[in-house]
Amino acid sequence: MSENKPLNENSSSVQTHLTIMQGVINRMAENSRSCKVWCVTLVAAVLVLVARTGEPQHALIALVPTGLFWFLDAYYLGLERRFRKSYNDFVSKVHRRKVGVTDLYMVNLVGSAIGQFLWAVFRSPSTVPFYVLVIVTIFLAYWLIIPSDMPLTGG
């Protein structure tokens, strides 16, 4: 019978549920940050090796981890946004006194996974400028490493 009794914001169950959701949101943000750190590390390592060997075409190898980390970062960012939306919806229910025991310890993600992912890939100010700058850096390194006597075309 107590399942139908609404819980308030001072309930330890509500506070624990919010803490769990905040932890998940923080992990998604940390994963997104880690993608950027690993991307910079791998791209820098590839470019250092390319500079040592003098083979500019190998600089383009750095585009592979850049693209993979961009998509992984976008995935985590999309998940983070969906968890934040779920968190806000839960808090809204708490304020309206509509939260019951059945609402606790279940996280129902809100929003479209594909929509959030595509938004994060193509329009997010936390991914687009970063990865575009990394890609520009790769191409800049490629052009700077080309010896002056090497033709700029493939033939």
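Located above this text is the structure these notes cover.
Keep in mind that what you see is a predicted model, and the values were worked out from it rather than measured.

Asker: Lay out the environment of A74 with the relevant residues and their values.
Answerer: By the secondary structure assignment, A74 is in helix α2 (residues 63-95). For the pair A74 and P125, spaced 51 residues apart in sequence, the C-alpha separation works out to 11 Å. What A74 contacts, discounting residues up to four positions off in sequence, is F117, A120 and V121.

Asker: Describe the packing of α2 against helix α3 (residues 113-122), with residues and values.
Answerer: Running from amino to carboxyl end, α2 crosses α3 at an angle of 125 degrees, the nearest separation of the two axes being 8 Å. Judged by the angle between their axes, α2 and α3 are oblique. As α2 packs across α3, the resulting crossing turns out to be right-handed. When α2 is examined against α3, the residues W70, F71, A74, Y75, L77, G78, R81 and R82 are found in contact with a partner set consisting of A113, Q116, F117, W119, A120 and V121. Classifying every residue of the contact of α2 with α3 by side-chain character gives ten nonpolar, two polar and two charged.

Asker: Go over the environment of K36 with me, naming the residues and quoting the values.
Answerer: Mapped onto the elements, K36 comes out in helix α1 (residues 12-53). Sequence separation of K36 and N26 is ten residues, and the distance between their C-alpha atoms is 16 Å. In contact with K36, not counting residues within four places along its chain, are D73, S126, T127, F130 and Y131.

Asker: Describe α2, and please don't skip the residues or the numbers.
Answerer: Given 3.6 residues per helical turn, the α-helix brings residues three or four places apart onto the same face. The end-to-end C-alpha distance of α2, which contains 33 residues, comes to 47 Å, matching closely the 48 Å that a straight helix rising 1.5 Å per residue would cover. Following α2 by one or two positions, R97 has its phi on the positive side, about 60 degrees.

Asker: So, the nonpolar core: which residues are in play, and what are the values?
Answerer: V14, V43 and F90 are the most contacted members of the largest nonpolar core, which has 36 residues in total. Elements with a contribution of two residues or more to this core: α1, α2, α3 and α4 (128-145). Residue contributions to this core peak at twelve residues, all from α1. The residues touching V43, leaving out its near neighbours within four places in the chain, are A62, T66, V134 and I138.

Asker: Explain the packing of α1 against α4 residue by residue, including any values.
Answerer: Between α1 and α4, whose axes approach to 11 Å, the crossing angle comes to 5 degrees. Taken together, α1 and α4 sit at an angle that is classed as roughly parallel. From α1, C35, K36, C39, V40, V43, L47, V50 and A51 reach across to α4, where they touch F130, Y131, V134, T137, I138, A141 and I145. Looking at the contact of α1 with α4, its residues break down into 13 nonpolar, one polar and one charged.

What counts, and at which threshold
Residues numbered from 1 in each chain as written. Predicted model: local features only at pLDDT ≥ 70, side-chain atom pairs only at ≥ 80, totals over all residues. Heavy atoms only, no water. Helix = DSSP H or I, 4+ residues; strand = E, 2+ residues; numbered from the N terminus. Contact = heavy atoms within 4.5 Å. Axes fitted to C-alpha atoms, helices over the stretch in contact; angles between N-to-C directions. Parallel < 35°, antiparallel > 145°, perpendicular 65-115°, else oblique. Left-handed = near helix turned anticlockwise from the far one by under 90°. Nonpolar A, V, L, I, M, F, W, Y, C, P; charged D, E, K, R; others polar. Expected span 1.5 Å × (residues − 1). Core = buried A, V, L, I, M, F, W, Y, C linked by side-chain atoms within 4.5 Å. Buried < 20%, exposed > 50% of the residue type's maximum accessible area, 1.4 Å probe, protein only.

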